[in-house]
Amino acid sequence: MLLAAAAACRSALRGRLLHTTAAAATSSSGVEGLQRRYSNLDQLEADAKHLLTPQAYGYYASGSDDQWTLRENKEALQRYRLLPRMLVDVSNVDTSTTLLGQHLASPILFAPMAQQRLCHPEGELAMARAAAASGLPYILSTMATSSIQEVSDAVAAPSAAGGAAEGLAWDPNLWFQIYVLKRRDVTEMMVNEVTRLGYKALVVTVDAPRLGNREADERNRYSLPPHLSLKNLELITKAAATTEGVATDGSKFGRHFSDLFDQQLTWDFIPWLKQASPLPVLLKGILSPDDARRAVELGVDGIILSNHGGRQLNFAPAAVDMLPSVVAAVGGRVPLLVDGAITRGTDVIKCLALGASAVLVGRPLLWALTLGGQRGVEEAVEMLRYELELSMALLGVQNVEQISSDFVIPPRGGHLDIPTAQR
Ligand SMILES: Cc1cc2nc3c(=O)[nH]c(=O)nc-3n(C[C@H](O)[C@H](O)[C@H](O)COP(=O)(O)O)c2cc1C
Ligand SMILES: CC(C)CC(=O)C(=O)O
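A few points on the structure. (Residues numbered from 1 in each chain as written. Chains lettered and ligands numbered in written order. Predicted model: local features only at pLDDT ≥ 70, side-chain atom pairs only at ≥ 80, totals over all residues. Heavy atoms only, no water.)

Before going further, it helps to spend a moment on the packing of aromatic side chains. Ring pairs (aromatic) are described by centroid distance and by the angle formed between their planes. Tallied over the entire structure, the rule returns 10 aromatic pairs. A ring pair is formed by phenylalanine 257 and phenylalanine 261, whose centres lie 6.3 Å apart and whose planes are at 40 degrees; its orientation type is tilted. Phenylalanine 261 carries the same exposure label as phenylalanine 257, and that label is buried. Put simply, the rings of Tyr57, Tyr59, Tyr60, Tyr222 and Trp367 pair up and form one aromatic cluster. A cation over a ring is seen here: arginine 184 above tryptophan 272, with NZ or CZ 5.1 Å from the ring centre. Sitting above the plane of the tyrosine 59 ring, arginine 311 keeps its charged end 4.9 Å from the centroid. (Phe/Tyr/Trp six-rings, centres within 6.5 Å; stacked < 30°, edge-to-face > 60°. Buried < 20%, exposed > 50% of the residue type's maximum accessible area, 1.4 Å probe, protein only. Lys NZ or Arg CZ within 6 Å of the ring centre and 35° of its normal.)

Positive phi, close to 50 degrees, is recorded for leucine 100, a residue that is not glycine. Checked against the element boundaries, leucine 100 lands in the loop between strand 2 (97–99) and strand 3 (102–104). You can call leucine 100 partly exposed: its relative accessible area is 28%. (Helix = DSSP H or I, 4+ residues; strand = E, 2+ residues; numbered from the N terminus.)

Counted at 1.5 Å a residue, the expected span for helix 6 (residues 123–134) with its 12 residues is 16 Å, and the 17 Å between its end C-alpha atoms agrees. Within helix 6, 12 of the 12 residues are buried, which leaves it mostly tucked inside the rest of the structure. Those residues of helix 6 not exposed but buried are Gly123, Glu124, Leu125, Ala126, Met127, Ala128, Arg129, Ala130, Ala131, Ala132, Ala133 and Ser134. On its buried face, helix 6 is in contact with strand 4 (108–110), strand 5 (138–140), helix 7 (148–156), strand 6 (174–178) and helix 16 (363–395). Directly beyond the C-terminal end of helix 6, a positive phi value near 70 degrees is found at glycine 135. (Expected span 1.5 Å × (residues − 1). Contact = heavy atoms within 4.5 Å.)

Glancing now at the site of ligand 1. Of all residues adjacent to ligand 1, which total 23 residues, the nearest are Pro112, Ser141, Thr205, Asp339 and Ala341. In the model, an oxygen atom of ligand 1 is placed 2.9 Å from a nitrogen or oxygen of the arginine 363 main chain. Within the residue set of the shell around ligand 1, elements represented by two or more residues are helix 4 (54–61) and helix 16. The residue makeup of the shell around ligand 1, split by class, is 11 nonpolar, eight polar and four charged. (Near = heavy atom within 4 Å. Polar contact = N/O pair within 3.5 Å; in protein donor to acceptor, adjacent residues only side chain to side chain. Nonpolar A, V, L, I, M, F, W, Y, C, P; charged D, E, K, R; others polar.)

To continue, consider the site of ligand 2. Near ligand 2 the following residues occur: Tyr59, Ala114, Gln115, Met143, Tyr179, Leu211, Arg214, Phe257, Phe261, His308 and Arg311. Side-chain polar atom of arginine 214 to an oxygen atom of ligand 2: 2.8 Å apart, as the coordinates give it. Histidine 308 places a polar side-chain atom, nitrogen or oxygen, 2.9 Å from an oxygen atom of ligand 2. Protein chains shield 95% of the accessible area of ligand 2, which is 280 Å² for the free molecule. (Areas by Shrake-Rupley, 256 points an atom, 1.4 Å probe, with all protein chains shown as cover.)

Right, let's talk about the packing of helix 5 (residues 68–79) against helix 15 (residues 345–353) for a bit. Closest axis-to-axis distance for the helix 5/helix 15 pair is 10 Å, and the angle between their directions is 75 degrees. The angle between helix 5 and helix 15 places the two elements in the roughly perpendicular class. Note on element contacts: helix 15 touches helix 5 through Asp347, Lys350 and Cys351, opposite Lys74, Leu77 and Gln78. A class-by-class count of the residues in the contact of helix 5 with helix 15 yields two nonpolar, one polar and three charged. (Axes fitted to C-alpha atoms, helices over the stretch in contact; angles between N-to-C directions. Parallel < 35°, antiparallel > 145°, perpendicular 65-115°, else oblique.)

So, about the side chain of threonine 205. Tracing the chain through its elements places threonine 205 in strand 7 (residues 202–205). Looking at threonine 205, its side chain comes within polar contact range of the side chain of glutamine 177, at 2.9 Å. Threonine 205 has contacts with Gln177, Ile178, Tyr179, Lys284 and His308, leaving out every residue within four places of it along the chain.

The subject of this paragraph is the packing of helix 8 (residues 184–196) against helix 12 (residues 269–276). Their axes nearest at 11 Å, the elements helix 8 and helix 12 cross at an angle of 40 degrees. As far as their axial angle goes, helix 12 and helix 8 are oblique. Remark: the crossing between helix 8 and helix 12 carries right-handed chirality. Contact residues: helix 8 offers Arg184, Thr187, Glu188, Val191 and Asn192, while helix 12 offers Phe269, Trp272, Leu273 and Ala276. (Left-handed = near helix turned anticlockwise from the far one by under 90°.)

Now the structure itself:
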């Protein structure tokens, strides 16, 4: 009885708030802004959870196994301290930066995340527009619920419905995340398509030869709702690689994707990809300094240190903790990016001080999209950018280039004890 009442209440709330969300996605005024309702990105999840089905929330929020790595991502960041310098003129603080020759309004990228239409009818389109309005790169996932072409069209020009809120510049910068499929011809078609459409970089995810064990998805028998599909698989080939059969009885979700992925993928893929497209190639999911060194030797243009938001190998370390040894191995030859539980301006500063050129933000953007559509995401990004600017002023730096290891104090006992060959 109580459960039924709670479910009815949740469903009513969802209906009401989804209406608000739809309005937020299309109108630039009259909607109470995220910034007025929330003080920081950590506050978004609890309310977003109420708007999502338990299946969708479980899929977005969870990590693998008992989620040690998921928790560690947050805790690792909190172990670092910042050491401010005083009496610096901080009347003008510039958060902008340059990455792979591209201008970024701040050192923040939208992490690739699959299935964004689960939380908002415009999904990836709204998210990509918010990135364009914020002057930041949007990384489209292979497993998106919008196609490569649709996302490209969505950011082509700011329209009355989908453009930037007043005062924001419009600077579309699309990147594409590649899951290498057994059907290499499909992967090749995607690479050709994004190259043709002017995407600016390729991100190859290398930490998911198979999908991690997400127990929530098993419990919830998670599956993509029937009105949604993985558009890139569907549109680019009418052949075998479709989403058919994803989790109908019990969760076959993990197994389905593991079957699609090329589990035999090795380092030979990098030279293949480098000759297949002129775009810069970054590897996402590297944690070991040896892997980072090898990637650089094979000619990658950047490395994203990541444990996939704690969704792949449980007990993998937090990416931020691996930064110092990867920095030593790479020696400044390519930019290093990092992700995992970044929600605060001070988190961004810590990563930059440890040697990253920029960070990726994941789940908080999904919560913002759920709560406020495109405008909600724009506001969430602005909250983070503003925190970054303020924290830079309090740290005593005027621009991103000035953030160095002089400003960060590692946890007592130093960094992780990495085997010597890996340093
Ligand atoms: C719902 C969800 C879907 C994701 N899908 C992808 C994906 O398709 N490709 C990928 O490389 N990473 C994917 N990731 C990992 C993110 O890109 C990112 O590494 C991770 O979420 C860490 O950021 P966060 O802690 O800010 O969420 C996904 C993460 C989430 C939460
Ligand atoms: C559909 C999945 C393969 C996307 C993903 O990377 C994830 O859920 O972490």
